Each structure stands twice: as C-alpha cells, then as structure tokens.
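Understanding the architecture of this molecule
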Amino acid sequence: MKQKRFILAENELPRQWYNIQADMKNKPLPLLNPATKEPLSAEDLAHIFAAECAKQELDQEHAWIDIPEEVLERYKYYRSTPLVRAYALEEALGTPAHIYFKNESVNPLGSHKVNSAIPQCYYCKQEGVTNVTTETGAGQWGAALSYAAKTFGLECAVYQVKISMQQKPYRSSIMRTFGATVTGSPSMSTRAGKDIITADPNHPGSLGTAISEAVELATTTPNCKYTLGSVMSHVSLHQTIIGLEAEKQMAMAGEYPDMIIACFGGGSNFGGLAFPFMRHTILEGKKTDFIAAEPASCPKLTKGKFEYDFGDTAGYTPLLPMYTLGHTFKPANIHAGGLRYHGAGTIVSQLLKDGYMRGVDIPQLESFDAGMLFARTEGIIPAPESCHAIAATIREALKCKEKGEEKVILFNLSGHGLIDMTAYDSFLNGDLVNYTPEL
Ligand SMILES: *Cc1c(COP(=O)(O)O)cnc(C)c1O
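Attention here is on the structure that accompanies the text. Predicted model only: the values in this text are computed from it and were never measured.

**Quick word on the overall build of the protein chain**
Check the secondary structure of the protein chain and you find 17 helices and 15 strands. The C-alpha atoms of the protein chain give 20 Å as radius of gyration, which agrees with the globular expectation for 439 residues (22 Å, within 12%). The dimensions of the protein chain, computed from C-alpha atoms along their principal axes, are 60 × 50 × 40 Å. Within the protein chain, residue pairs in contact and separated by at least 24 positions form 76% of the contacts whose partners lie at least 6 positions apart. Put simply, the protein chain shows about 17,100 Å² of open surface, and 51% of that area lies on carbon and sulfur atoms. Charged side chains in the protein chain number 40 positive and 48 negative. The centres of these two groups are separated by 2 Å.

Here's what the structure looks like:
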C-alpha cells in the first residue's frame, strides 16, 4: 500500500531551530536607524521587541538555536504537522512528478503563524513583560498571537485595519474568543489614531495606521512589547520548525525534493520550509530549485529593487535592506491579504540577490483555479495565500509532464481557507479579476 501521510512521533520533533544567517556566505546587510543611518544593535531593537527576539534577529553566528522546553510543549499540541503525498492532484494533472505538501493548516488557528507567536509570547513572559500588541490586516497573525498570549497569561491588544475588521468579522471573533482586545484602526485610543481621525474622520485604516498605533502603545506602556508575524529574521527562524520536520519526513518517504515552493508575503513560511533544505545547498552544493510564489499584483521579488526601505507605510520602522516596491506602494485589494506587503525579509532578499532562489508571480485568477483543483482533489480548501504556492507547483508539475521528468516537488500549505469563503464565493460568482500594478 502506498503511504500518503508522514508524521513524526513527539520524541522525534526537532529541538532546535535553524539560523541560516550563520551559514550564508554573504550575510544580510544591517538594519539602519533612519535618523542616524547607523546599524541597529540588539539593545536598540529590544526597546520594542522581546530582548531574546532582538538577539536572534541579529545573530549571524549560531546555526542552531535551542527551542525552549515550554515552547516545545506547546508545539506538541499540533506538531508534527503531516507531510502529505498529493496522489489525487498528481493524477488529475497527469504528471510524472511526485508532489508532496507540508500541511501547516492543521493547528488551532489554521496557519503557520502560530509557530512564531508561541515563542514570541514565551520570551515576553520570561522577560517579565505582561502585555503584547501587534497590528493585523486579514487577521491570521492577530489570531495566532491572541491564542499564544492567552497560553502564557499575557494581555493582548490587536489593532486591526478597520476596513478588514468589517470585511472579515470572524477573525476578530476568534481573537476575542482567545481574550484579546481588538481595536479597529485608526482609533481614538492613541495619539497617532486621534491625529489620523481628526484629519480624516472616515479613514478606512491600513497596515500603516495599525502599525503606528501598536508601536505607540508598546513604547508608551510599561511592560508592553510589540510583535510581528512576518518579515523579521527571528520570525523565519521560528518557522524553520516546518522545514526541519519536513526534512525528516521526506527521508521517511525515501525522497529528497528537487523543488521547494512556498507562497511569499514577507517570507516567513517560505524561509521556514526552505532554509533547512537550503543548508545542504550552501554547505554541500546540493541542487534544489527554491521558488517563492508572490501575487502578480504585489511583485517585489520579480519586479522590486534591492535597496534600503522602511518596513511600514508610515516610516516608523528601521531601514531594512530588501527587495521592495517602495513603502508607499499600494497593492490592489486581492483576497490573499497576507501577501499584500511591499517588501521581502532581509535574509531572503540577500539569498535572492545571490541566486539561491527565484521568485514567480501568480495572477489572482490562476491562484484560485489552482485552489479549486486542490480542494477538489485533496479535499482541503487552501488559504488564498497558499493558493499561490499551489499554482506555482501546478506550473512546474505540468512542465514535468511535458518533458516526461519524474521530479520531486515539495510545497508548503501555509493555511486553510475556511474563514476566507467570501473570497471563494467571489471567485465562484465570477467577480474576481487580475491586477497588474503600474510600476
Ligand atoms: C501571513 C500568511 C502568509 C504570508 O506570510 P509569510 O511571512 O510570507 O509566510 C502566507 N500564508 C498564510 C496562510 C498567512 O497567514
């Protein structure tokens, strides 16, 4: 009988995360203070982030970082996640390729984001922090953080983009179920929010307004830290649990991937799956094709420039060396909310520059076509973000069919789409369109 799902026993779970920065030949350039243009120290970053996360952010020395015992305990609630061979999808495509996916949708929150929310809240707790705050758009990160904060007994305040809060009410319900306070941004609860509302009483909110409010709350409240669900290097570090498990699971399947594919917002689920495999490329010269799938409407990897830019629209963050479309770029309102970000993380940007990986851009309709085929073959409704990885996988599997090549493809299913059914409704009703940005 052919095996479909590969799962690790609890005692086989990885006990360390992999820090690719230590093995990179060209290290990522430093983050800069925008006022002085001086490189930021871990101490500078610790004003807003947990001190341990600030340290991990800049660590270019230690390849392996121990996962704290308490974090491992919480990982056990849903890890390992299954590695699955997509036999039905292969058959529908008529491809000789072997398609595997790592299923990160099978956890309490339905996406990979909780893998970093748990350690971030754990370190805050350890350091005597009592409150965490963040911004969220579609709400996946806010939901993961709310759950993790509750787990470690922290108060959690989430600023959610006002318009998303109205469009996606169930994610606010999830956050509130886990005990978080959810505030639509812009709000009257911060100086920044009051200023925005005074200037424009009907402002719909944006990630820029929400970041400003969350950062203000963190910097003006004692014992309160700010957290981020993507882009930063410590977030990708925590996400390497995905690839480290997948490495063991691929060995159980008796194969090694020729191609590794993930969707790309800020780079955390891509890095999380790819970096442990890329280690063998850097250290042993293994040939693997690493593909990051971004939306055609927000193509920073394929059409952005490598330069120093702000991480947020308002210009509050440090300057980051990255591929970017510019921090004032306004992506079209596609349903893959998690991929609507103007820049790429600093590690991934350096790896792209050095030719270790490549980006592909996927139009919105192609992403939903792929999601529909995946749902109808494998029985899982993918998140609109994950549909981009599936579309890129299908492209490659069809190339294998043309050339008669039996390649092994591994992609990350970063989340399920059960709270995004309005997006599927729009697709099924024929209301969705493609967007090509003017750059
Ligand atoms: C947030 C999110 C993404 C994009 O973020 P990355 O940091 O690029 O991984 C992708 N998929 C899902 C389901 C998400 O919630």
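Here the narrative resumes, following the displayed structure.
**Here's the deal with the packing of helix H5 (residues 114–126) against helix H6 (residues 140–151)**
Running from N to C, H5 and H6 cross one another at 40°; their axes reach a closest spacing of 8 Å. For the element pair H5 / H6, the angle class is oblique. Regarding H5 and H6, the two cross each other, and that crossing is right-handed. In contact with Val 114, Ser 116, Ala 117, Ile 118, Gln 120 and Cys 121 of H5, H6 contributes Trp 141, Ala 144, Leu 145, Tyr 147, Ala 148 and Ala 149. In terms of residue class, the contact of H5 with H6 is built from 10 nonpolar, two polar and no charged.

**A closer look at the environment of Cys 387**
Within the secondary structure, Cys 387 is located in helix H16 (residues 386–403). The exposure class of Cys 387 is buried, given its relative accessible area of 0%. C-alpha of Cys 387 to C-alpha of Leu 373: the two residues are 14 residues apart in sequence and 9.9 Å apart in space. Among residues more than four places away in sequence, those in contact with Cys 387 are Ser 367, Ala 370, Gly 371, Pro 382 and Tyr 424.

**Description of the site of the ligand**
Near the ligand lie 18 residues; those nearest to it are Lys 113, Ser 230, Gly 265, Ser 268 and Asn 269. Separating an oxygen atom of the ligand from a side-chain N or O atom of Asn 269 is a distance of 2.8 Å. For the ligand, the accessible surface in isolation is 380 Å², of which the surrounding protein chains cover 98%. Tallied by class, the residues present in the shell around the ligand amount to four nonpolar, 12 polar and two charged.

**Structural notes on the packing of aromatic side chains**
Applying the stated criterion to the full structure yields 14 aromatic pairs. Their ring planes at 75° and their centres at 5.4 Å tell us that Tyr 147 and Phe 178 sit as a pair that is edge-to-face. With a gap of 31 residues between them, Tyr 147 in helix H6 and Phe 178 in the loop between helix H8 (169–177) and strand S8 (181–185) connect regions that are remote in the sequence. Through a chain of ring-to-ring contacts, the aromatic side chains of Phe 101, Phe 374 and Phe 411 assemble into a single cluster. Directly above the aromatic system of Tyr 87 lies the positively charged group of Lys 2, at a separation of 4.4 Å from the ring centroid. Taking the ring centre of Tyr 77 as reference, the NZ or CZ of Arg 74 above it sits at 3.8 Å.

**Some thoughts on helix H17 (residues 421–428)**
Looking at H17, one finds that the buried residues are Ala 423, Tyr 424, Ser 426 and Phe 427. Angular distribution of buried residues about the axis of H17 spans 160°; they occupy a single face of the element. Residues Thr 422 and Leu 428 are exposed on H17 and point more than 90 degrees away from its buried face. Tucked inside the fold, the buried residues of H17 contact helix H15 (364–378) and H16. Downstream of H17 by one or two residues, Gly 430 has phi in the positive range, about 75°.

**What to know about helix H14 (residues 346–353)**
Among the eight residues that make up H14, seven are buried, leaving the element largely enclosed by the rest of the structure. Looking at the buried positions of H14, the neighbouring elements they touch are helix H11 (233–253), helix H12 (268–284), helix H13 (300–303), strand S12 (305–310), strand S13 (319–324) and strand S14 (358–362). Positioned one or two residues after H14, Gly 355 has a phi angle of 80°, which is positive.

**Quick word on the pairing of S13**
Buried residues dominate S13, accounting for six of its six residues. Of the two faces of S13, both are covered, the one formed by Leu 319, Pro 321 and Tyr 323 as well as the one formed by Leu 320, Met 322 and Thr 324. Two strands pair when backbone bridges link them, and S12 and S13 are joined in this way by six bridges, in the antiparallel orientation. Residue Lys 305 lies in a different strand from S13, and its bridge partner there is Thr 324.

**What to know about empty space enclosed by the protein**
In total, this model carries four cavities of 30 Å³ or more according to the counting rule given. The calculated volume of the largest cavity comes to roughly 70 Å³. In this structure, the largest cavity is lined by 13 residues; those nearest its centre are Pro 295, Ser 297, Ile 334, Gln 364 and His 388. When its residues are assigned to classes, the lining of the largest cavity shows eight nonpolar, five polar and no charged.

**Remarks on the sheet that holds strand S9 (residues 224–226)**
Ordered by their spatial adjacency, four strands build an open sheet running S8-S7-S6-S9, and the pairing between neighbours is parallel. For this open sheet the edge positions go to S8 and S9, each flanked by a neighbour on one side alone. Going from strand to strand, the sheet's axes swing by 25° on average, the running direction of each strand aside. Note: strand S6 (residues 131–136) against S9, three bridges, orientation parallel. Within the sheet, the bridge partner assigned to Thr 133 lies in S9 and is Tyr 226.

**Brief notes about unusual backbone geometry**
The step from Arg 79 to Ser 80 runs through a cis peptide bond, and the omega angle for that step is 0°. One can find Ser 80 in the loop between helix H3 (69–75) and strand S4 (83–85). A cis amide bond links Ser 185 to the next residue, Pro 186, at an omega of 10°. If you trace the backbone, Pro 186 turns up in the loop between S8 and helix H9 (191–199). Notably, Asn 223 is not glycine yet its phi reads approximately 65°, a positive angle. Turning to its location among the elements, Asn 223 is positioned in the loop between helix H10 (207–220) and S9. The class of Asn 223 is partly exposed, set by a relative accessible area of 45%.

Definitions and cut-offs
- Residues numbered from 1 in each chain as written.
- Predicted model: local features only at pLDDT ≥ 70, side-chain atom pairs only at ≥ 80, totals over all residues.
- Heavy atoms only, no water.
- Helix = DSSP H or I, 4+ residues; strand = E, 2+ residues; numbered from the N terminus.
- Rg over C-alpha atoms; globule rule 2.2 N^0.38 Å.
- Contact = heavy atoms within 4.5 Å.
- Areas by Shrake-Rupley, 256 points an atom, 1.4 Å probe, with all protein chains shown as cover.
- Lys, Arg positive; Asp, Glu negative; His and termini not counted.
- Charge placed at Lys NZ, Arg CZ, Asp CG, Glu CD.
- Axes fitted to C-alpha atoms, helices over the stretch in contact; angles between N-to-C directions.
- Parallel < 35°, antiparallel > 145°, perpendicular 65-115°, else oblique.
- Left-handed = near helix turned anticlockwise from the far one by under 90°.
- Nonpolar A, V, L, I, M, F, W, Y, C, P; charged D, E, K, R; others polar.
- Buried < 20%, exposed > 50% of the residue type's maximum accessible area, 1.4 Å probe, protein only.
- Near = heavy atom within 4 Å.
- Polar contact = N/O pair within 3.5 Å; in protein donor to acceptor, adjacent residues only side chain to side chain.
- Phe/Tyr/Trp six-rings, centres within 6.5 Å; stacked < 30°, edge-to-face > 60°.
- Lys NZ or Arg CZ within 6 Å of the ring centre and 35° of its normal.
- Arc of directions from axis to C-beta.
- Pairing = 2+ DSSP bridges.
- 1 Å grid on protein atoms, 1.4 Å probe; cavity = no way out; pocket = protein on both sides within 12 Å on 5 of 7 lines; lining within 4 Å.
- Points joined across faces, edges and corners; volume = space filled by probe spheres on them.

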